[in-house]
Amino acid sequence: MDLDTLRKKIDEIDLQVLELLNERVRTAAEIGHVKRLEGSPIYVASREEQVLSKLGKLNKGPLKDEAIRAIYREIMSAAIALEKPMRIAYLGPEATYTHQAANKKFGASIEYIPAPAIPDVFHMVSKGEADHGVIPIENSTEGAVSHSMDMFFESDLKICAQIFMPISHCLISQSPVEAIERVYSKDQAIGQCRKWLHAHLSNASLHTCDSTTQAVQVAKKDPKAAAIASVLASDLYGVPVVKEGIQDRSDNTTRFLVIAKESSGYVEGVAFKSSFLLSIDDSVGALERALHVFSSRNLNLSKIESRPNGKTAWEYSFFVDVIGHYEQDTIAEAIEELRGFCPFVKWLGSYPNVK
């Protein structure tokens, strides 16, 4: 076929796609109306993943599954915005990695509300000022984000989804490397660039901020300062990138959690992960006994992290991730057994186990 014929074919396909997209959104709006009458949540991460997984199986190419997910993410985002204005709180200001992760999860049609610190994200969701919140929980280089983890001890909010995002850090400053005297960023970001900083800015003092974007705002005012942040933050605040890719590992990735008043319900065909907090007695074999509850049922623990319980010195609780959903019999039985001898067991939520 010649070029004009091919372009005409594209125009005809676009018309069909547009009509079908609007029909899909209208149907989604009807679903949203039913949900509001029933008092059900508009966004359900497990149902979303069920749809995306099914599309991946039906996809025959040439579009890759990743592209299909990205396209449908925006379709779903637009549909949710029509069903009910949805607000997402995130660790701000604008252009933080958490902001980027939230946008990756919920798309461009949702309202995003920056919070000055991680506890503020929890408070905004608890008070109903936001429908969901997005927080960092762990990084592949630097480990757990303690501020996020500790908030689960006191909060009744549940985890309903997770987001994995590759993190590439930039050194952002008005000055060249040799003129930089101070480096600002979030503690996690500084830790992820520790080797590079030692090799290239060993004489510069290091200062922590509540967010990477806040660090860029400091670097904008102080010509002797540099920030560790993203290219997006550099562009948004007009501070030049001095060096890209300064993280110590090329596969540097951060895991983020989506928090809400309700967790994600179980649906068929979706792999789940569940998170718990538990404490054990200070006795020989107590931790082994707790872990045996999971291993005896062939349950896979994908994470176990100890944290001070905040009440008594040198007493710890454990943040545990297990593959499966809380509503499945094997996990429900395991938690019931744990409650028989653990002083404290708290379910934090079950959510699709996707990266």
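Right above here is the structure, for reference.
## So, the pattern of salt bridges
- If you walk through the whole model with that rule in mind, you get 16 salt bridges.
- Salt-bridge contacts for Asp150 lead to Arg307; the nearest nitrogen and oxygen are separated by 2.8 Å. With Asp150 in helix H6 (residues 146-154) and Arg307 in strand E13 (residues 301-308), this residue pair connects regions lying 157 residues apart in the sequence.
- On the accessibility criterion, Asp150 (27% relative accessible area) is partly exposed.
- Given a relative accessible area of 19%, Arg307 falls into the buried group.
- Across the pair Asp187 and Lys186 runs a salt bridge, and its minimum N-O distance is 3.4 Å.
- By relative accessible area, Asp187 is classed as partly exposed at 36%.
- Members of the salt-bridge network, linked through shared partners, are Glu138, Arg255, Lys303, Glu305 and Asp321.

## Here's the deal with the environment of Val218
- Position of Val218 among the secondary structure elements: in helix H9 (residues 212-221).
- Distance in space between the C-alpha atoms of Val218 and Tyr184 is 7.7 Å, their sequence separation being 34 residues.

So, how was this worked out
- Residues numbered from 1 in each chain as written.
- Predicted model: local features only at pLDDT ≥ 70, side-chain atom pairs only at ≥ 80, totals over all residues.
- Heavy atoms only, no water.
- Salt bridge = Lys/Arg side-chain N within 4 Å of Asp/Glu carboxyl O.
- Helix = DSSP H or I, 4+ residues; strand = E, 2+ residues; numbered from the N terminus.
- Buried < 20%, exposed > 50% of the residue type's maximum accessible area, 1.4 Å probe, protein only.

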